[in-house]
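Listed below, chain by chain, are the residues.
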Amino acid sequence: MSADLDDWFVREVLPLEAALTRFLRRHRQAGDDVADLLQEVYVRLYESAARRRPDLVQPFVFATARHLLIDLARRAQIVSIEAYADLETLDLSSDDLTPERHASGHQELRLLQAALDQLPLRCGEVVRLRKIDGMSQREVAQHMGIAEDTVEKQIAKGMRALADALLLKGVVVNMSKLATKILGKNGPQGGST
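For clarity, every value in this text was computed on a predicted model and none was experimentally measured.

Caption draft 1: Layout of the overall build of the protein. Of regular secondary structure, the protein possesses 10 helices and zero strands. Along the chain direction, N to C, the helices and strands of the protein fall in the order α-α-α-α-α-α-α-α-α-α. Here the contacts in the protein between residues at least 6 apart in sequence split such that 67% fall between residues at least 24 apart.

Put into C-alpha cells, the structure is as follows:
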C-alpha cells in the first residue's frame, strides 16, 4: 500500500506544489517559513490519504493548507482580524480558470446533484424549492402545506446532509458558502427568510 500511496502522492499532490507554495507565501503569518509550512501540509495530506484518498485532490490540498494556517494562527493566539478574515473569506480558486478547475467544478456539481437525489423526498423538495428555486421560507411552507419551522428544520437537515455527502467524496465544504457558491444565496429570484 505504501508504494501505491507514494505513487498517488507524486502523481496527484506534487504537481500542485508551485500553486501551494504561492498560496502559503501569500497567507502565512510573519515569521512562518514557507518550506516548513509546505512540509507540514504534505504530512497532513499523506496521513489523511493513508486512511482515505479524496476524490478531488486540489480542493483537498488547499483546504488542508488553509486549516494548517488557521491552526497555527490559533496556537499563536495573536491573530489580527484582517489575517483571520482573509483566511475565512479566501477564494481557493484565485488562480486562473484552468481546464482542471473547470472539470473539477463540473465533478463537484455532479456530486452535489447525486447528494440532492439521495435526500429524503420531502427534505429534497424543501431544499430545491428554497435554495434552487429561490422561494422564501413562507412560500415553501405554503406550497407544501407544512409549518415554516418544519421548512427551517428540513433546510438545516438537508444542507448538513449535502455537506456530509460532499465531504465523504473529498469536497471541502464551508457550510456558509454552500448555498452562495453552488446554489446561489437565495436562488436566482432572491427571497427572504
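Caption draft 2: Up close: the packing of aromatic side chains. One pass over the structure, following the stated rule, counts four aromatic pairs. Taking 5.8 Å as the distance between ring centres and 70 degrees as the angle between the ring planes, the aromatic pair formed by Phe9 and Tyr46 counts as edge-to-face. Taken together, the residues Phe9 in helix α1 (residues 2-13) and Tyr46 in helix α3 (residues 34-51) connect sequence positions 37 residues apart. We classify Phe9 as buried; its relative accessible area is 11%.

Caption draft 3: How the structure looks around α1. The terminal C-alpha atoms of α1, which comprises 12 residues, lie 15 Å apart, in line with the 16 Å expected from a rise of 1.5 Å per residue. Restricting attention to buried positions, one finds in α1 the residues Leu5, Trp8, Phe9 and Val13. For α1, the angular spread of the buried residues around the axis is 100 degrees, confining them to a single face. Looking at α1, the residues exposed on the side facing more than 90 degrees away from the buried face are Ala3, Val10 and Arg11.

Caption draft 4: Structural view of the packing of helix α2 (residues 17-27) against α3. Taken N-terminus to C-terminus, the directions of α2 and α3 make an angle of 120 degrees; their axes are 10 Å apart at the nearest point. Put simply, α2 runs oblique to α3. Where α2 crosses over α3, the handedness of that crossing is right-handed. Of α3, the residues touching α2 (which contributes Glu17, Leu20, Thr21, Leu24 and Arg25) are Val34, Leu37, Leu38, Val41 and Tyr42. Split by residue class, the contact of α2 with α3 holds seven nonpolar, one polar and two charged.

Caption draft 5: Quick look at the pattern of salt bridges. According to the stated counting rule, one finds six salt bridges in the structure shown. Between Arg11 and Glu12 there is a salt bridge, and its shortest N-O distance comes to 3.5 Å. Judged by relative accessible area, which is 31%, Glu12 ranks as partly exposed.

Caption draft 6: View of the environment of Phe60. Assignment of secondary structure puts Phe60 in helix α4 (residues 57-76). Between the alpha carbons of Phe60 and Val13 there is a distance of 9.8 Å; along the sequence they are 47 residues apart.

What counts and how
- Residues numbered from 1 in each chain as written.
- Predicted model: local features only at pLDDT ≥ 70, side-chain atom pairs only at ≥ 80, totals over all residues.
- Heavy atoms only, no water.
- Helix = DSSP H or I, 4+ residues; strand = E, 2+ residues; numbered from the N terminus.
- Contact = heavy atoms within 4.5 Å.
- Phe/Tyr/Trp six-rings, centres within 6.5 Å; stacked < 30°, edge-to-face > 60°.
- Buried < 20%, exposed > 50% of the residue type's maximum accessible area, 1.4 Å probe, protein only.
- Expected span 1.5 Å × (residues − 1).
- Arc of directions from axis to C-beta.
- Axes fitted to C-alpha atoms, helices over the stretch in contact; angles between N-to-C directions.
- Parallel < 35°, antiparallel > 145°, perpendicular 65-115°, else oblique.
- Left-handed = near helix turned anticlockwise from the far one by under 90°.
- Nonpolar A, V, L, I, M, F, W, Y, C, P; charged D, E, K, R; others polar.
- Salt bridge = Lys/Arg side-chain N within 4 Å of Asp/Glu carboxyl O.

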